[in-house]
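# Remarks on the overall topology
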Amino acid sequence: MRAAFISDIHGNSTALGAVLEDIGRQRIDQIYVLGDLCYRGPDPKGSLAMVQSLNTRVIKGNADEWVVRGVLPGEVPDKVIGMMNLERDWTVSKLDRQDIAYLEGLQARLDLEWEGIRVKAFHATPESLFEVVLPSADDDVLQAKLMPAADADVYIYAHIHKPFIRYLNGRILMNIGSVGLPFDGMAKASYGIVEVEQGRISTSIERVGFDIEEVIRQYESGQYPNSEMMARILRSGSVS
């Protein structure tokens with residue numbers, strides 16, 4: 001089995017198209033999607049349609065939950081909640097009721113097994129769509145938050161937009177980064193590959209270029225709220 005894991009598309013259908021084209025060259029058997037499909041990008045409808053066309057298993061991210069019911073106090077700093085809800089409202093205006101129902105109905109986790117190798121995948125942590133666990137966290141924090149039960153060989157998550165792979169107590173922890181909004185300083189889409197074959201496990205992070213300026217033009221032509229900030233993030237690959 002050779003599987004690709006993608007996440008945090010954030011309405012960036014240009015980046016998603018580039019990633020899917022790259023996956024098409026990788027001899028992939030199955031694609032899995034770990035959430036954050038529409039919100040904060042210039043093409044929420046197109047991105048969602050591309051994900052649905054994969055006919056695969058998709059789980060919910062925090063941004064999908066925000067599209068469904070809005071950003072609530074305490075989930076983000078008070079100073080940005082107004083703008084984030086403006087962005088949410090813009091996103092919802094581009095979707096229909098069936099799209100919202102699809103996002104609302106997404107499951108929270110994936111439990112997979114190939115050749116006896118167990119894989120658990122989730123958006124942020126096994127218990128939360130929102131909690132942030134960074135790669136700089138101590139090993140004991142990573143294990144407590146992301147690998148609380150030793151019932152898998154590979155743990156995969158997304159949410160933080162910063163890909164990495166770590167090996168802890170004989171298990172693999174992998175963050176697959178973001179397709180649409182990388183935050184690690186590399187302005188390229190990110191996704192992960194896991195291969196299991198005859199007892200061998202291989203994991204990798206793939207980086208794919210896409211037309212950033214075209215995405216910025218989409219933000220501007222669509223009169224997206226906060227388009228200037230989104231342009232800075234895309235060009236720098238960072239929120240700092």
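Predicted, not measured: the structure shown is a model, and the values here were computed from it. (Residues numbered from 1 in each chain as written. Predicted model: local features only at pLDDT ≥ 70, side-chain atom pairs only at ≥ 80, totals over all residues. Heavy atoms only, no water.)

### Examining helix H6 (residues 139-146)
Stated formally: For every residue, the accessible area (1.4 Å probe, protein chains only) is compared with the maximum for its type, and the residue is labelled buried under 20%, exposed over 50%, or partly exposed between those bounds. Secondary structure elements are defined from DSSP: runs of H or I of at least 4 residues count as helices, runs of E of at least 2 residues count as strands, and each element is numbered from the N terminus. Comment: arc refers to directions from the helix axis out to C-beta atoms. By definition, residues are in contact when any of their heavy atoms lie within 4.5 Å.
Among the residues of H6, Leu-142, Gln-143 and Leu-146 are the ones counted as buried. Along the long axis of H6, the arc covered by the buried residues comes to 100 degrees, so they all point the same way. Those residues of H6 that are exposed and angled more than 90 degrees off the buried face are Asp-140 and Ala-144. The elements touched by buried residues of H6 are strand S4 (117-122), strand S5 (154-157), strand S6 (164-168) and strand S7 (171-175).

### Details of the sheet that holds strand S2 (residues 30-33)
So the rule is basically this: In this analysis, strands are considered paired if DSSP registers two or more bridges between them. In this analysis, axes come from line fits to C-alpha atoms, helices being fitted only over the stretch in contact, and the angle between any two N-to-C directions falls in the range 0 to 180 degrees.
Sheet architecture is open: four strands sit in the order S2-S1-S8-S9, paired in mixed fashion. Strands with a single pairing partner mark the edges of an open sheet, and in this sheet they are S2 and strand S9 (200-208). Each adjacent strand pair in this sheet contributes to an overall mean axis angle of 20 degrees, direction not counted. Summarising the sheet, strand S1 (residues 2-6) and S2 pair through four bridges and their orientation is parallel. Following the sheet pairing, Ile-6 is matched in S2 by Val-33.

### A closer look at the sheet that holds S7
The five strands are arranged S3-S4-S5-S7-S6 in an open sheet whose pairing can be described as mixed. Looking at the sheet topology across the chains shown, the edges are occupied by strand S3 (109-114) and S6. Between one strand axis and the next, the sheet turns by 15 degrees as a mean value, whatever way the strands run. Bridging between S4 and S5 involves three bridges; their strand directions are parallel. Counterpart to Val-119 in the pairing with S5 is Val-154. Each of S4, S5, S6 and S7 is contacted by H6, which is oriented at about 95 degrees to S6, the strand it contacts most.

### Description of the pairing of S1
For clarity, the threshold we go by: If you view a crossover with the strands going away from you and the path from the first strand over the helix to the second runs clockwise, you call it right-handed.
Extensive coverage of S1 is indicated by the burial of five of its five residues. Sheet analysis places S1 next to strand S8 (residues 189-197), joined by four bridges and oriented antiparallel. Bridge assignment links Ala-4 to a residue of S8, and that residue is Ile-193. Between S1 and its parallel partner S2, the chain crosses via helix H1 (residues 13-23), and the hand of that crossover is right-handed.

### Details of the UniProt feature "domain: Calcineurin-like phosphoesterase" (unreviewed entry) in the protein chain
Our working definition: UniProt positions are given in the numbering used here, feature names are shortened, and annotations may be inferred rather than shown by experiment.
Within this numbering scheme, the UniProt entry marks residues 1-198 as carrying the feature "domain: Calcineurin-like phosphoesterase" (unreviewed entry). Helix makes up 31% of residues 1-198 and strand 22%, and the two end C-alpha atoms of the span are 10 Å apart.

### Description of the layout of surface pockets
Note the following rule: Throughout, the protein atoms alone are placed on a 1 Å grid, and a set of points is a cavity if a 1.4 Å probe fits but cannot get out or a pocket if it is open with protein on both sides within 12 Å along at least five of seven lines; lining residues have an atom within 4 Å of a point. Grid points are joined across faces, edges and corners, and a volume is the space filled by probe spheres set on the points.
A volume near 820 Å³ is recorded for the largest pocket. Around the largest pocket, the lining is made up of 33 residues, and of these Arg-40, Trp-66, Met-84, Phe-183 and Val-239 lie nearest the centre. Counting only elements with at least two residues in the lining of the largest pocket, the list comes to helix H3 (62-69), helix H4 (78-93) and helix H8 (227-236). Broken down by element, the lining of the largest pocket gets its largest block of residues, five residues, from H8.

### Description of the packing of helix H2 (residues 44-53) against helix H5 (residues 97-104)
Selection criterion: By the definition adopted for this analysis, an angle is roughly parallel if under 35 degrees, roughly antiparallel if over 145, roughly perpendicular if from 65 to 115, and oblique otherwise. For a crossing to be left-handed, the near helix must be turned anticlockwise from the far one by less than a right angle; the clockwise case is right-handed.
Direction vectors running N to C along H2 and H5 enclose 55 degrees, while the axes themselves pass 12 Å from each other. Here H2 lies oblique to H5, going by the angle between them. Here the hand of the crossing between H2 and H5 comes out left-handed. On H5, the residues that touch Lys-45, Leu-48, Val-51 and Gln-52 of H2 are Asp-99, Tyr-102 and Leu-103.

### Quick word on the nonpolar core
Condition: By convention a nonpolar core is built from buried Ala, Val, Leu, Ile, Met, Phe, Trp, Tyr and Cys residues, the set being connected through side-chain atoms within 4.5 Å.
Ile-6, Leu-37 and Leu-103 are the most contacted members of the largest nonpolar core, which has 46 residues in total. At five residues, the largest contribution of residues to this core is made by H1. Filtering out sequence-adjacent residues up to four positions away, Ile-6 remains in contact with Leu-16, Val-19, Leu-20, Ile-23, Ile-31, Tyr-32, Val-33, Leu-34, Leu-54, Ile-176, Val-179 and Tyr-191. Membership of the second largest hydrophobic core comes to 19 residues, among which are Leu-110, Ala-158, Met-174 and Val-194.

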